[in-house]
Each structure stands twice: as C-alpha cells, then as structure tokens.
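Spelled out from the first residue to the last, the chains are:
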Amino acid sequence: MACHHCHHEHCGVEEEHNEKEEKSSIYLYCIGILFLVLSFIPMLAEFRLELVFLAILFSGYELLWNGIKNIFHFNFEEETLMTIAVIAAFILGEYTESCLVILLYRLGEFLEERASDKSEESIKEIVKIKADTANRVIENTIETVDVKEIKVGDTILIKPGEKVPVDCKIVYGESEIDTSSLTGESNPVYVKKGEELLSGGVNLTGAITCKVLRDVENSAASQIVDLVYEATNNKGKTEKFITRFSKIYTPIVIVISILIAIVPFIFKLDVKEWIMRALIFLVASCPCSLVISVPLSFFTSLGKISKKGMIIKGTKHIENLAKADVIAFDKTGTLTTGDMKIEEIKAFEPYDKNTILSYMYSLELLSNHPIGTAIKNYDEEIEEKHVEDYKEIAGHGLYGKIEEKEILFGNSKLLEQYNIVKNEDIPQNAIIIVVDKQIAGFITLVEEVRKEVKGLVASLKITGIKKIMMLTGDNEKSAKNIGDKLKLDEVKASLLPQDKLAVIEELKKEGQKVIFVGDGINDSPVLASSNFGIAMGAGTNIASITADGILISNNLSSLPSIIKTAKRAMQVVKFNIVFSLIVKLIVLILGAIGIAPIWLAILADTGVTFLTVVNAVKNIK
C-alpha cells in the first residue's frame, strides 16, 4: 500500500512539472511552425534547408531524440517509426513533407493529451476527497494537525466547509454533509449525535465534534483512493490484447516497409518514389489509435461509474459487467434496509392499540431487539411506562410487570411455556402481547424494502439483464413476500452461504454471466465466485472485500445506469478498433500503390487517434 500513498503525495508536484513541460513544448512547437512559414518566403529561399531543419528541431526535438534512442535499442515503437520517416524524407530532399510529419504528429499528440486530461478529471476528483489536516480537541484547546497524527479514540472538531478527515462518530452537534464525492448523491445528508461519518464528505452547515473510529489509513477516503489507483492498473482482456497486438504488428509493418523500399533495386524502378511509398506505409501503420483509445475508453468509464457512486477495482472488470445477463441479490441489508416495520397491528377488547403499543414499547426498550425502533417509527407519541421484574426469555420473548399487570410479549413458543392458548386467527409470524394471561393483541413485522428498489427490476430489464433473482438465508414466506413486491423473476430462500455459491456456480455452468449484489459480511465466497461481485456500502475494510465493485452510495437505483456505462464503453472500444483498422488498411493500400501522399498517412495516424480518443471521452456517459 505504501507506494500508493507516496504516489498521492507526489501527485501535485508531478502535475505542476508536467504543466510547465507542456507549456514549453507548445512554445517550441509554435516557433517550429514560424520557421516552416519563413521557409516559403522567396527572399529566404537560399536558407530554406536551414529553416526547415530548425522547424523540425524546435517542434520535434523530444520525439527525434526518443526515436533515435529506440532505434539503437531495437525498440520499434511509434516514435521510432516517425523518426525513421522524418530522417528518410529529409535525406530524400522532401523537406516540407519531413517537417509536416513532425508538425501533424505533434498536433495530434497535443489534442490527444487534452482529451485524455478531460477523461482523467473524474478520477482526479476522487483523489481530492482526502483531507490533509484535522482539528484535534485536547481538553479545551483545538490544534490543527496533519491527518496522519490522528489516532482512534481522539476527539476532533469539523467546522463548516471542512472535509471529514477520518471515519468518526458524532458526539456533539448536528449538520448537513455533502457526500457527492463519495456516493454520487447530490442532496446533502442531515446528520446528528450518534451517527457515523465516513471520511471524504464535506461538512456544510454546523460545527460538529466527533470521536475517531478509524485512523487515516483505514478510513473510507484512503481506501477509496487506493482502490482508484489499483483500478487504473488492472487491465482487461481487450487492453492486454491491444498491447500484445501492437508488439507483433509493429515489427511486421517494418519488414513490409523494408520490402517496399527494396523493390526498386530489384526491378530497376524509381528509387526515391518507392522509398517514399515505404515511408508512407510506415507512418500510416502506427497502431497508436488503438493503443491510446482502448485503455482511455475503459479509464473514462471507470471515472464516469465512480461519479455514479461505485468504485470498480480495475478496468478488467468492466468487460464482465457489460456482458452480464443475470443479477442475483442478497436480501437483508441489500434489497432491504435491515430495519423492521409494523405491517399489521391488532388489539383485542378491552385493550386499544395505544395501550398495547405502550406495553410493547416499554418492554422492548430494555432489550436489544430492533422491534422497539419499529414500534417507535409506527407512532412517535407512544407513552413509555415503568417496567418491573423484567426478564428476557431467549428465543421466545420478554416478560415484565407494568402497572401491576403481568405482561408477556413474544412468539407462539412463549405462549406454550405459560400455557396460554393462541387464537386460530392470529397469524403464524405474529408477535403476541399477553396481559394477565389474556391475549391483548399482536403485531406482524416486515423488513423495510429500500425505497429505490421499487422500479429497479424494470430499469434493469431495459439494460439487457434477462433474469433478476434473490438468494437469501431467510425463510420462504418472508423471501417470497419481498420477491412478489419487487416482481423478481426467481426467489431462492433458506440458503446457507455454500448454497448461494452452488446456485451461482450452476448459473455459470449454463453459460450465464452473473452479477451478485450483497452486503459483503457473509457473502464473500459468492462475491468472489460471480462474474462481477458488488458489495454494498463503504464498510470498515472496503479495500479487502472480495467484490469487484463497491457501491459506496448504497443506492441500488444507480445500478442500471452503471451497467449502461459499462456496455457503452465496450461498444465504443469495439467501434474504435474496427474504425481504426479499416482506415489504416485503406491508407496502407493507397500508400503501397503510390496514391496516398505522406500527409494523408499522418492523418491516418494522428487524425484517427484523435477521433477515437474524442469518441471514447464524449460517448461514454
């Protein structure tokens, strides 16, 4: 990991250095153009050779220097091919053509860099989420320190306008946090005492005091930045193929060029014309439109997807995401929030709903069950009553005395234990309240389905996903209830982690490409086994999760848009490959038979590269 952090620190210095270099390159390029223009003035005709030579030197000194070094190292890259073409054209007396090779090539380079920089902006935005300093609170003093000095358990103050420096928990104050850089969510999130904050968000309104949960290395922002750098280095099959292709293709092209140059000596033809043909062939054949535009397409899609709230661990995973035709979801914490809500509440005479809710709530407050929250959310005005002789009966329910009445609150097993006969019309999954041995009422609970998943199935089908299923360890009834609500194609319930794994493996055997979405806690084997694993949310150790993508926004509604971006990236890549090869083939044939001039060969290289780069940057949304 250390190398990543060094990289982040030197990033700013490197960028500054690169900007200065780019500016001086542009100045020298302009001087080169000026010398070429001067070479066409009749008064300076006798100095034409010197002026063109200066034009070549000023505009392409770096290219020529690298190209000459490469020749001696037998490294036949694009710069080598261009250098051979420039020097040979100059020796043959084609001074203007020689200079045009350099000028057009350099112009193409400048335009490519501009387009590449644009594509890197979204990646650079993510890297900026890390804070450099934090306000540490010691007794009544506040000191601004380097964020690396902050330790777990420290108290920090986050003022309005400041980034959240490390993962922490609010102990005092309330505010709104802009989490757009982390989650892609544009609306600020309201936070208050007791809530956890992930590093990388920006505090907007109030000053908040927080207790540090994780140091900078283990906080979300650092792990996300590391993931982004890791992602840009993880190449996919298409990228690797292009790299291998250019290594084989370039030497073949050089051999063909040499053969074209040898032809006149064998058949006693015009030597100069055939050497020019060989040079045109050499220049037109450069594979740079593929070598540059293909990785750039993937890189651009990584940036766009990160803005939608998902970090993908490498461009190699984009291909799998684009090809997927099945999505399998975990239930709890993925399709549902993990919170419970009251589905039905029933009170029996002489009790009313408010009374039984009050009894239920008062007992639940003393336990760790999430049922208390579900009751409170159902009615904010519930009266809390004093409980005596409270006890929890494991797996059955709760007992206590309220207003000198004996209260039981639990499942059917609890009723059996106290010899209370359950009414037949009470649902199987009900939680029953008993007052002085008499059933007073019951509630049924359902898991709260995430708001954003209501129209998710229809949106996913539009992107080309053929089957949407749920794999859960929960019981059949509960799972089917949620599956029907969301109109899922298939629901498999009561599954252990190894059963989920078996389902994914079976789908893959059938030739399906599977995306699995889970909360990452017990789903690691399934996330690793699926063609593309998505973990929900920025957990405590997101970098080590076996998933290929992490949905930091926790917002499933962005999934269709993310899949569309991946598919669009693959379409752009395929188009760029076909377009580049067709244009190059045409110019190569025209060059070999002596129809194409050298400037057309340059356009076939830099022009096609520029068009494919623009296509990559503009069309991936």
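Before any of the text, the structure's been laid out above.
What you see is a predicted model, and the numbers here were worked out from it, not measured in a lab. (Residues numbered from 1 in each chain as written. Predicted model: local features only at pLDDT ≥ 70, side-chain atom pairs only at ≥ 80, totals over all residues. Heavy atoms only, no water.)

Asker: Describe the overall build of the chain, listing the residues and the values that go with them.
Answerer: Tallying secondary structure elements over the chain gives 20 helices and 22 strands in all. What you see for the chain is a C-alpha radius of gyration of 34 Å, clearly larger than the 25 Å of a compact globule of 621 residues, by over 25%. Its C-alpha atoms put the chain at 115 × 65 × 35 Å along the principal axes. Taken across its 621 residues, the chain has 49% of its residues classed as buried. Here the analysis covers contacts within the chain between residues at least 6 apart in sequence; of these, 66% occur between residues at least 24 apart. When the accessible surface of the chain is summed, it comes to about 30100 Å², and 58% of that surface belongs to carbon and sulfur atoms. Charge separation in the chain, taken as the distance between the mean sites of 68 positive and 83 negative side-chain charges, equals 6 Å. (Helix = DSSP H or I, 4+ residues; strand = E, 2+ residues; numbered from the N terminus. Rg over C-alpha atoms; globule rule 2.2 N^0.38 Å. Buried < 20%, exposed > 50% of the residue type's maximum accessible area, 1.4 Å probe, protein only. Contact = heavy atoms within 4.5 Å. Areas by Shrake-Rupley, 256 points an atom, 1.4 Å probe, with all protein chains shown as cover. Lys, Arg positive; Asp, Glu negative; His and termini not counted. Charge placed at Lys NZ, Arg CZ, Asp CG, Glu CD.)

Asker: Would you mind going over helix 19 (residues 559-592) in detail, with residue names and values included?
Answerer: Since the α-helix packs 3.6 residues into each turn, any two residues three or four apart lie on the same face. Compared with an ideal rise of 1.5 Å per residue, which puts 34 residues at 50 Å, helix 19 spans 50 Å between its outermost C-alpha atoms and is within 8% of the ideal. Positive backbone phi, at 85°, marks Gly594, one or two positions downstream of helix 19. (Expected span 1.5 Å × (residues − 1).)

Asker: Explain the sheet that holds strand 13 (residues 388-393) to me, using residue names and the numbers behind them.
Answerer: With respect to topology, six strands assemble into an open sheet ordered 12-17-16-15-14-13, the strand pairing being antiparallel. In the strand order of this sheet, the two ends are held by strand 12 (336-347) and strand 13, each with one partner. Neighbouring strand axes in the sheet, compared pairwise and without regard to direction, differ in orientation by 20° on average. With eight bridges connecting them, strand 12 and strand 17 (residues 438-449) associate as antiparallel partners. Each bridged residue has a counterpart across the sheet, and for Lys341 the counterpart in strand 17 is Val446. Packing against the sheet, helix 13 (residues 371-378) makes contact with strand 12, strand 15 (405-410), strand 16 (431-435) and strand 17, and its axis sits at approximately 65° to strand 12. (Pairing = 2+ DSSP bridges. Axes fitted to C-alpha atoms, helices over the stretch in contact; angles between N-to-C directions.)

Asker: Break down the packing of helix 3 (residues 78-91) against helix 8 (residues 271-284) for me, citing the residues and quoting the values.
Answerer: It is the contact of helix 3 with helix 8, at a shortest axis distance of 9 Å, that shows an interaxial angle of 155°. Comparing their axes, helix 8 and helix 3 come out roughly antiparallel. Of the two possible hands of crossing, helix 3 and helix 8 adopt the one that is left-handed. Each of Leu81, Met82, Ile84, Ala85, Ala88 and Ala89 in helix 3 lies in contact with helix 8, whose residues at this interface are Leu279, Leu282 and Val283. Of the residues contributing to the contact of helix 3 with helix 8, the split by class is nine nonpolar, no polar and no charged. (Parallel < 35°, antiparallel > 145°, perpendicular 65-115°, else oblique. Left-handed = near helix turned anticlockwise from the far one by under 90°. Nonpolar A, V, L, I, M, F, W, Y, C, P; charged D, E, K, R; others polar.)

Asker: Help me get a handle on the side chain of Ser175, residues and values and all.
Answerer: Inspection of the secondary structure puts Ser175 in strand 5 (residues 175-178). Judged by relative accessible area, Ser175 falls into the buried class, the value being 2%. At a separation of 2.4 Å, a polar atom in the side chain of Ser175 contacts the side chain of Asn203. Residues within four places of Ser175 in sequence aside, it is in contact with Val189, Tyr190, Val191, Asn203, Leu204, Thr205, Gly206 and Ile208. (Polar contact = N/O pair within 3.5 Å; in protein donor to acceptor, adjacent residues only side chain to side chain.)

Asker: Would you mind going over the packing of aromatic side chains in detail, with residue names and values included?
Answerer: Taken as a whole, this structure holds seven aromatic pairs when the rule is applied. With a centroid separation of 5.3 Å and an interplanar angle of 85°, the aromatic rings of Tyr29 and Phe110 are classed as edge-to-face. Taken together, the residues Tyr29 in helix 1 (residues 2-39) and Phe110 in helix 4 (residues 95-127) connect sequence positions 81 residues apart. As far as the burial class goes, Tyr29 and Phe110 line up, both buried. Taking 6.2 Å as the distance between ring centres and 55° as the angle between the ring planes, the aromatic pair formed by Phe348 and Phe442 counts as tilted. Highlighted residues: Phe348 in the loop between strand 12 and helix 12 (353-364) and Phe442 in strand 17, separated in sequence by 94 residues. By way of ring pairs, the aromatic residues Phe53, Phe90 and Tyr95 are connected into one cluster. (Phe/Tyr/Trp six-rings, centres within 6.5 Å; stacked < 30°, edge-to-face > 60°.)

Asker: Requested: an account of the pattern of salt bridges, with residues and values cited.
Answerer: The tally for this structure, following the rule as stated, stands at 18 salt bridges. The shortest N-O distance in the salt bridge between Arg136 and Glu143 comes to 3.2 Å. Overall, Arg136 belongs to the buried group, its relative accessible area being 14%. According to the relative accessible area criterion, Glu143 is partly exposed, its value standing at 31%. Of the charged contacts in the structure, one is a salt bridge between Asp389 and Lys401, with a shortest N-O distance of 3.8 Å. Here Asp389 is found in strand 13, whereas its partner Lys401 is found in strand 14 (residues 397-402), with 12 residues between them in sequence. What makes Lys401 partly exposed here is its relative accessible area of 30%. (Salt bridge = Lys/Arg side-chain N within 4 Å of Asp/Glu carboxyl O.)

Asker: Quick one: what's the story with the sheet that holds strand 10 (residues 310-312), residue by residue and with numbers?
Answerer: Two orientations exist for strands paired in a sheet by backbone hydrogen bonds: parallel and antiparallel. An order of 10-22-21-20-11-18-19 is seen for the seven strands of this open sheet, with the pairing classed as mixed. Lying at the two open borders of the sheet, with one neighbouring strand each, are strand 10 and strand 19 (490-492). The mean angle between the axes of side-by-side strands here comes to 20°, regardless of whether they run parallel or antiparallel. Pairing of strand 11 (residues 326-329) with strand 18 (residues 467-471) involves four bridges; the strand directions are parallel. By the bridge assignment, Ala328 is partnered in strand 18 with Met469.

Interpretation note: all reported values are geometric properties and have no functional meaning in isolation.
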